[in-house]
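# Commentary on secondary and tertiary structure
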Amino acid sequence: MSVVGRAKTPQLCGHGFRKARPLLGSFEDACRSSMSQIAQRDPTRQFLRARGCAAPRLAGVNVRTHRRPDGRVVVFPIAPWTPDQANWAVRFARNKGVSVITHISADRVDELRILADAGFTSARREVKVEVDLDKALATTGGARLPPGVAAISAADADVDRLRVLDDALRDDIPGTRGWRSTPEEFAGETFSAPAFNPATYLVAVQEGTGEYIGLVRIWMNRSGPRIGMFGVLRAHRRRGIALALLARCLFAARDIGHRTATSEYDETNEASGGVFRRLGAHQTGSTLEFASGPQAA
Ligand SMILES: CC(C)(COP(=O)(O)OP(=O)(O)OC[C@H]1O[C@@H](n2cnc3c(N)ncnc32)[C@H](O)[C@@H]1OP(=O)(O)O)[C@@H](O)C(=O)NCCC(=O)NCCS
């Protein structure tokens, strides 16, 4: 088992994120400028970005790690899980007193067994979906925002208010409760090209008060559009806001030339499932989140 030292850790972003958080790999999409160039060459980084993870770095035993803004540590090996790596990750969780999580396709049975044998437990399952843009827009393309609600691009939004909205919405999303980004993390993970596109990251604004009440973001990854997150504050749900913002973003993705978008959602999230059903999404697989440490107990 090789140990990868800090000196070999690539410096992936120039937003101070690394310095502020000296340990580890990540969640909801990256410090993109330098990250994205590396991601093109590195399937693991592409996977982490697809999982919403950013700025991964190697720690210890050829396992990429990242401390997310909710305090959990994402771990991901650079090759299929081995017993040594899984045992290392469990020891890491125990010794540091942190919750360590990893995401793994539900069909990777051998690796699931390795993780379970090491002491990981299954925390939740996500449904992977693909949305056909023509099909989705044929049924939802006419969705409109309710009166008194406007949409602006994240590029025109107040970044700090957007960050606070993002934190609040994540409290309602299984698997991301307690997420509190620093301004540096949020800016770094939001605006770096090419995944950020101002036409596919929209914010719903309550006219009059100017309150930010919802958002939809589709990352324009090189592998294709990925619906990263949609959320609306509780007081404003079931008014068609998410669907209207999604329709606009999907139109923008199609205008660029894409035919499909991918995403995933927690299987217990009925609202997410309902939105994806409205988009005519079909399941392409499922992913398990395995956890070890205090919050996994
Ligand atoms: C998911 C969420 C964004 C939906 O926002 P919204 O603005 O209320 O959604 P819309 O009003 O546009 O709903 C569109 C359709 O989605 C489906 N839907 C929305 N909420 C639903 C729910 N709670 N249960 C089942 N279906 C639901 C319905 O088909 C709905 O159409 P209808 O109201 O005509 O029946 C919102 O519930 C939310 O913010 N949840 C917490 C954050 C989250 O889980 N985000 C998804 C993970 S990234």
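Counting restarts for each chain: residues are numbered from 1 in the order of the written sequence. Reporting in this predicted model follows two pLDDT cut-offs: at least 70 for local features of residues, and 80 or more for side-chain atom pairs to be given and counted; totals over whole chains, interfaces and linings ignore these cut-offs and use all residues.

Counting secondary structure elements, the protein chain contains ten helices and eleven strands. Across the 297 residues of the protein chain, 46% fall into the buried class. Once local pairs closer than 6 in sequence are excluded, the contacts in the protein chain between residues at least 24 apart make up 73%. The secondary structure listing takes helices from DSSP runs of H or I that are at least 4 residues long and strands from runs of E that are at least 2 residues long, numbered from the N terminus. Any residue surrounded by 20 or more other C-beta atoms within 10 Å of its C-beta is treated as buried, while 12 or fewer makes it exposed and the intermediate range makes it partly exposed; C-beta atoms here are placed from the backbone. Whether two residues are in contact is decided by their C-beta atoms, placed from the backbone, lying within 7 Å.

This brings us to the site of the ligand. To decide whether a residue is near a molecule or strand, its C-beta atom is placed from the backbone and checked for lying within 6 Å of it. For the ligand, the set of nearby residues contains 22 residues, the closest of which are Arg237, Ala242, Leu243, Ala271 and Gly274. Elements with a contribution of two residues or more to the shell around the ligand: β9 (224-232), α9 (241-256) and α10 (270-278). For the shell around the ligand, the element with the highest residue contribution is α10, accounting for six residues.

Next up on the list: the packing of helix α6 (residues 133-140) against α9. It is at 10 Å that the axes of α6 and α9 come closest, and there the two elements cross at 140°. Relative to α9, α6 is oriented oblique. Classified by chirality, the crossing of α9 by α6 is left-handed. Taken together, the residues of α9 that come into contact with α6 (itself represented by Leu133, Ala136, Leu137 and Thr140) are Leu243, Ala247, Leu250, Phe251, Ala253 and Arg254. Angles here are taken between N-to-C directions and fall from 0 to 180 degrees, while the axes themselves are lines fitted to C-alpha atoms, restricted in helices to the stretch in contact. Angular relationships are summarised with four words: roughly parallel below 35 degrees, roughly antiparallel beyond 145, roughly perpendicular across 65 to 115, and oblique for the angles in between. Take the far helix as the reference: if the near one is turned anticlockwise from it by less than a right angle, the crossing is left-handed, and if turned clockwise, right-handed.

For our purposes the nonpolar core covers buried Ala, Val, Leu, Ile, Met, Phe, Trp, Tyr and Cys residues that link as a set through C-beta atoms within 7 Å. The biggest cluster of nonpolar side chains holds 45 residues, and the ones touching the most others in it are Ala204, Phe230, Ala242, Leu245, Leu246 and Cys249. Residue contributions to this core peak at eleven residues, all from α9. In this structure Leu246 touches Val216, Phe230 and Leu279, once residues within four positions along its chain are discounted. If you look at the next biggest cluster of nonpolar residues, it comprises 23 residues, including Trp88, Val90, Ile104 and Leu288.

Here we come to the pairing of strand β11 (residues 282-292). A strand pair is defined by DSSP finding two or more bridges across the two strands. In terms of strand pairing, strand β4 (residues 100-105) meets β11 through six bridges, oriented antiparallel. Looking at β11, one finds that Ile104 is bridged to Leu288. Pairing of strand β5 (residues 121-132) with β11 involves nine bridges; the strand directions are antiparallel. Directly across from Val129, in β11, lies its bridge partner Gln283.

What follows is about the packing of helix α7 (residues 159-170) against helix α8 (residues 183-190). Packing of α7 against α8 brings their axes to within 10 Å, and their N-to-C directions diverge by 95°. It follows that α7 is roughly perpendicular to α8 by the angle criterion. Every residue of α8 that contacts α7 at Val159, Asp160, Arg163 and Asp166 is listed here: Pro183, Phe186 and Ala187. The class makeup of the residues in the contact of α7 with α8 is four nonpolar, no polar and three charged. Side-chain classes are defined by residue name, with Ala, Val, Leu, Ile, Met, Phe, Trp, Tyr, Cys and Pro counting as nonpolar, Asp, Glu, Lys and Arg as charged, and the others, Gly among them, as polar.

The subject of this paragraph is unusual backbone geometry. Its identity is not glycine, yet Arg238 carries a phi of approximately 60°, on the positive side. Mapped onto the elements, Arg238 comes out in the loop between β9 and α9.

Let us look at helix α5 (residues 109-118). Here α5 has its buried residues at Ile114, Leu115 and Ala118. Along the long axis of α5, the arc covered by the buried residues comes to 95°, so they all point the same way. α5 presents Val109 and Asp117 as exposed residues on the side facing more than 90 degrees away from its buried surface. Once α5 finishes, Gly119 follows within two positions and takes phi at roughly 120°, a positive value. Directions drawn from the helix axis to the C-beta atoms are what define this arc.

Further remarks concern the confidence of the model for the protein chain. Model confidence for the protein chain is summarised by a mean pLDDT of 83, while 79% of its residues fall at 70 or above. Confidence of the predictor in every single residue is expressed as pLDDT, which spans 0 to 100. For residues 1-55, every residue scores under 50 in pLDDT, and the model assigns this stretch 125 contacts once sequence neighbours within four places are set aside.

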